[in-house]
Amino acid sequence: MIVEKIVKSELIENKSKFISIIFPLQEQEEYKQIIKQLKKDYKDAKHICFAMRFKSYAKCDDDGEPKGTAGYPILKVLQTKDLDCCLLVVIRYFGGVKLGAGRLLRTYVKSAADVTNLMLKAN
């Protein structure tokens, strides 16, 4: 399924705020400009993690979170829901409480799943 519009959701987990946004992509390299703009718009955020899929190309980034706890799990959500031509970003504002790798991974998955579910309901 190709994503057609921007959808946003928020989740609070142990004082950390997770903002998930899914963007449609018209071309593969467009995600770079979106990430660049998000880093300006959310400059106080601790992490801006993402995954993108565009036809046969996929990319993900943990942006400083422990390896494998953010970007790849977000990508798996996109793959599981068969979403294409899109960028899914999860922006984290650290709330002062460390979540640990397992809880962090589960929270990124939940945040990514929440925004994709909202997007699918809107279609």
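Presented here is an overview of the structure given in this document.

Calculation criteria
- Residues numbered from 1 in each chain as written.
- Predicted model: local features only at pLDDT ≥ 70, side-chain atom pairs only at ≥ 80, totals over all residues.
- Heavy atoms only, no water.
- Salt bridge = Lys/Arg side-chain N within 4 Å of Asp/Glu carboxyl O.
- Helix = DSSP H or I, 4+ residues; strand = E, 2+ residues; numbered from the N terminus.
- Buried < 20%, exposed > 50% of the residue type's maximum accessible area, 1.4 Å probe, protein only.
- Contact = heavy atoms within 4.5 Å.
- Pairing = 2+ DSSP bridges.
- Axes fitted to C-alpha atoms, helices over the stretch in contact; angles between N-to-C directions.

1. Some points on the pattern of salt bridges
Then, number 1: Enumeration over the complete set of coordinates arrives at six salt bridges.
Then, number 2: A salt bridge links Glu13 to Arg103, with the shortest nitrogen-to-oxygen separation between them at 2.6 Å. Here the residue Glu13 occupies a position in strand β1 (residues 7-13), and Arg103 occupies one in helix α3 (residues 101-122), the gap between them amounting to 90 residues.
Then, number 3: In this structure Arg103 comes out as partly exposed when scored by relative accessible area, which is 33%.
Then, number 4: The salt bridge involving Glu29 is made with Lys32; its shortest N-O contact spans 2.5 Å.

2. Things to note about the environment of Leu104
Then, number 1: Considering the arrangement of structural elements, one finds Leu104 in helix α3.
Then, number 2: The spatial distance from the C-alpha of Leu104 to the C-alpha of Thr116 is 18 Å, given a sequence separation of twelve residues.
Then, number 3: Excluding residues within four positions of it along the chain, Leu104 makes contact with Phe18, Glu65, Pro66, Thr69, Arg92 and Leu99.

3. Considering the sheet that holds strand β5 (residues 86-93)
Then, number 1: With respect to topology, five strands assemble into an open sheet ordered β1-β2-β5-β3-β4, the strand pairing being antiparallel. Bordering the open sheet on either side are β1 and β4 (57-61), each of which pairs with just one other strand. Strand after strand, the sheet turns through a mean of 10° between neighbouring axes, direction not considered.
Then, number 2: Across seven bridges, β1 lies against strand β2 (residues 16-24) in antiparallel orientation. Along β2, the bridge assignment pairs Glu10 with Ile19.
Then, number 3: Packing of helix α2 (residues 71-80) onto the sheet brings it into contact with β2, β3 (47-54), β4 and β5, and relative to β3 it is tilted by some 35°.

4. Let's talk about the environment of Pro73
Then, number 1: The residue Pro73 is located in helix α2 in this model.
Then, number 2: Along the sequence, Pro73 and Ile91 sit 18 residues apart, while their C-alpha atoms lie 14 Å from each other.
Then, number 3: Apart from residues no more than four positions distant in its own chain, Pro73 is found in contact with Gly68, Leu105 and Val109.

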